[in-house]
Amino acid sequence: MNFDPATAPQVPADDVRDTAPAPAAAGSGLFNTDLDDRTPAGIAAAVSRRIRSGAIAPGSRLPTVREVARELRVSPATVNQAWRALAAAGAIVARGRAGTFVGERPATRPTPPTGRYQRLHPPSDSAFRIDLSRGTPDPELLPDLVAALHTITEHGHGGDLAADYLDAAVLPELAAKVRADWPFRADRLAVLDGALDAIDRLLSSHVRLGDAVAVEDPCFPPFLDLLARLGARPIPVRMDESGLLPDDLDRAVSDHGVTAVILQPRAQNPTGASLTTARTRELTDILAGTDTLVIEDDHSAGIAYTTLRSLGSRLPNRTVHIRSYSKSHGADLRLAVVGGPADLLDPMIERRMLGPGWTSRLLQRLLLTMLDDDTALRTVAAARTEYRRRATELRRALARRGITVARGDGINLWLPVADENAAMISLAAAGIKAAPGRPFEVDDHPHGDHLRITVAAITDGELDWLTGELVAATTAAPTYRRVRRA
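Predicted model only: the values in this text are computed from it and were never measured.

### Focus: the confidence of the model for the protein chain
In this model, the protein chain carries an average pLDDT of 86, and 85% of its residues clear a pLDDT of 70 or more. Across residues 1-24, confidence stays below pLDDT 50; counting only partners more than four residues off in sequence or on other chains, it has 71 contacts. Ignoring residues within four places in sequence, the model shows residues 106-112, a span with pLDDT below 50, making 11 contacts including any to other chains.

### Remarks on the sheet that holds strand β14 (residues 435-436)
Ordered by their spatial adjacency, three strands build an open sheet running β12-β15-β14, and the pairing between neighbours is antiparallel. What marks the edges here is a single partner per strand, and that holds for β12 (412-417) and β14. Sheet analysis places β14 next to strand β15 (residues 449-454), joined by two bridges and oriented antiparallel. Bridge pairing in β15 links Ala435 to Arg452. Its contacts with the sheet place helix α14 (residues 374-400) against β12 and β15, and it is angled at close to 20 degrees to β12. Along the sheet face, helix α16 (residues 463-474) touches β12 and β15 and points at about 45 degrees away from the line of β12.

### Points about the packing of aromatic side chains
Counted under the stated rule, the structure contains two aromatic pairs. Centre to centre, the rings of Phe220 and Phe223 are 5.4 Å apart; their planes meet at 85 degrees, and the pair counts as edge-to-face. Judged by centre distance (5.6 Å) and plane angle (70 degrees), the rings of Trp414 and Phe440 are edge-to-face. In this pair, Trp414 sits in strand β12 while Phe440 sits in the loop between β14 and β15, placing the two residues 26 residues apart along the sequence. For Phe440, a relative accessible area of 0% puts it in the buried group. Above the plane of the ring of Trp358 lies Arg361, whose end atom (NZ or CZ) is 4.4 Å from the centre.

### Topic: empty space enclosed by the protein
Over the atoms, a rolled probe matching the size of one water molecule traces out where space is still vacant. A complete count under the given rule lists one cavity of 30 Å³ or more for this structure. If you add up the space inside the largest cavity, you get close to 40 Å³. Considering only residue class, the lining of the largest cavity consists of seven nonpolar, three polar and one charged.

### Some words on the packing of helix α2 (residues 65-72) against helix α3 (residues 76-88)
At a closest axis distance of 8 Å, the pairing of α2 and α3 adopts a crossing angle of 120 degrees. Classified by chirality, the crossing of α3 by α2 is right-handed. Listed contacts from α3 to Val65, Arg66, Val68 and Ala69 of α2 are Pro76, Val79, Asn80 and Trp83. Residues of the contact of α2 with α3, tallied by class, amount to six nonpolar, one polar and one charged.

### With respect to α14
Compared with an ideal rise of 1.5 Å per residue, which puts 27 residues at 39 Å, α14 spans 39 Å between its outermost C-alpha atoms and is within 8% of the ideal. Among the residues of α14, Ala376, Val380, Ala383, Glu386, Tyr387, Arg390, Ala391, Leu394, Arg395, Ala397 and Leu398 are the ones counted as buried. Here the buried face of α14 lies against α11 (326-329), α13 (361-372), β12, β15 and α16. The distance from a side-chain oxygen at the start of α14 to the backbone nitrogen of Thr375 is 3.2 Å, and the residue carrying that oxygen is Asp373.

### Regarding helix α15 (residues 420-429)
Structural remark: α-helix, 3.6 residues per turn; residues separated by three or four positions point the same way. Of all the positions in α15, only Glu420, Ala422, Ala423 and Leu427 are classed as buried. One side of α15 holds all its buried residues, which, seen down the axis, span an arc of 165 degrees. Exposed residues pointing more than 90 degrees away from the buried face of α15 are listed as Ile425 and Ala429. In this fold, the buried residues of α15 make contact with β12, β13 (432-433), β14, β15 and α16. Sitting at the amino-terminal end of α15 is Asp419, which places a side-chain oxygen 3.2 Å from the backbone nitrogen of Asn421.

### Quick notes on the pairing of β12
Counted residue by residue, β12 has five buried out of six residues, so it is predominantly covered. Bridge count between β12 and β15: six bridges; the pairing is antiparallel. Its bridge partner lying in β15, Pro416 is registered against His450.

### A short note on the sheet that holds strand β7 (residues 243-244)
If you trace the eight strands from one edge of the open sheet to the other, you get β4-β11-β10-β9-β8-β5-β6-β7, paired in mixed fashion. Only two strands of the sheet have a single partner each, and these edge strands are β4 (188-192) and β7. Here two bridges tie strand β6 (residues 233-240) to β7, and the two strands are oriented antiparallel to one another. Within β7, the position partnered with Met239 by the bridge is Leu244.

### Some remarks on the pairing of β15
Within β15, six of the six residues are buried, leaving the element largely enclosed by the surrounding structure. Burial along β15 is two-sided: the residues Asp449, Leu451 and Ile453 and His450, Arg452 and Thr454 are all buried.

### Overview of unusual backbone geometry
The omega angle of the peptide bond from Asp217 to Pro218 is 10 degrees, so this bond is cis rather than trans. Located in the positive-phi region is Arg73, a residue other than glycine, with phi close to 60 degrees. Here Arg73 is to be found in the loop between α2 and α3.

Rules used throughout
Residues numbered from 1 in each chain as written. Predicted model: local features only at pLDDT ≥ 70, side-chain atom pairs only at ≥ 80, totals over all residues. Heavy atoms only, no water. pLDDT = per-residue confidence, 0-100. Contact = heavy atoms within 4.5 Å. Pairing = 2+ DSSP bridges. Helix = DSSP H or I, 4+ residues; strand = E, 2+ residues; numbered from the N terminus. Axes fitted to C-alpha atoms, helices over the stretch in contact; angles between N-to-C directions. Phe/Tyr/Trp six-rings, centres within 6.5 Å; stacked < 30°, edge-to-face > 60°. Buried < 20%, exposed > 50% of the residue type's maximum accessible area, 1.4 Å probe, protein only. Lys NZ or Arg CZ within 6 Å of the ring centre and 35° of its normal. 1 Å grid on protein atoms, 1.4 Å probe; cavity = no way out; pocket = protein on both sides within 12 Å on 5 of 7 lines; lining within 4 Å. Points joined across faces, edges and corners; volume = space filled by probe spheres on them. Nonpolar A, V, L, I, M, F, W, Y, C, P; charged D, E, K, R; others polar. Left-handed = near helix turned anticlockwise from the far one by under 90°. Expected span 1.5 Å × (residues − 1). Polar contact = N/O pair within 3.5 Å; in protein donor to acceptor, adjacent residues only side chain to side chain. Arc of directions from axis to C-beta.

The following block contains the structure:
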């Protein structure tokens, strides 16, 4: 059973509850009988058996994590892991301060909705004349991987890549190259299989069931899917062209005690917003003195023209910075470098050693070769200039037709429309595929409808035609009465 993002558990870390009426609670001592295996797996299995047998009825409120831990004489962290596994299986559902409850029986439980990322990129045919939905770079603007492979073999660098489980997980030359322009002093560096792999592993290491995590609103949909899988609560923080709004972040910290903040410091997906120096100072002042983990995803490193401003420059002991090379050097490299404090990265690195261990040193050598190659460097610089030109030309063309799109960096535009569904239909009729805005929205009641438009796919010859269709889509009205969720 897949975990339903719409019912993402929302259990506070201390299981504080209000006085709202609730179904009868499962009795004390229910988990202590004939429980020999008191590991997370053993506890989860025992509770699951009692739910399936009917010993714990659907809708019953479970004891708190601390109560179960005290009863079983185990740590709250052990019970929390068991609860997280049960939530992921759909056996239990957390309802914020009301507590944690047994879910519906599997036979009556509705089919979970598709994750946000799958809704953003559903399977479709190739009938569209132009696809502006993908959020990916133009393949023609990427460096030549074949040339880099030839360089490796011609210079004999392949000899240092013999399989050895005990070699350094990060090539020393790559580590030195990256450290030279890292935004703050990092105790540890790690290479992982892309930015999302890094964020997934960081959240799994540091976020527990029910923890509150501050996210940008609008937000990159996979972040929300990851939090839903962990049973964490996304706390929306609105944005402007300079990044997270300080007042919203302050409320997230003071009212929800967020465990972590996930942000994109520049070329934010989908809005293109980038942090300013002043905004960085405001945000770090709010987070100073807290234990909040800051996760920065610099997904457009290399192709973003805005100067990187990292919260790690002022909060180096709480910030983990991620630099992805997918958009600049190729998605199939699957490489991102992660840097930050040892106490935050070591648990993730140690856990990874029990699985894949390290990211291919051949791929690391391939990236290092391109980072040292003048031709590859010029290619990336040219791509950065071209993406900026394409975005600027489209913004100007829209402005001449009366449509204002906020300035931003990167390969995406956040296009305001009167009605998302009507705009999607209007564009589809013209042979244009766009990304719907709703999967990016954290709040169920966004202030306005939007589409995400990826400029990487736009050519000069199609600009005038495309602008006209986008303008028409912004004012398209639904042919039905629109009903928003209450």
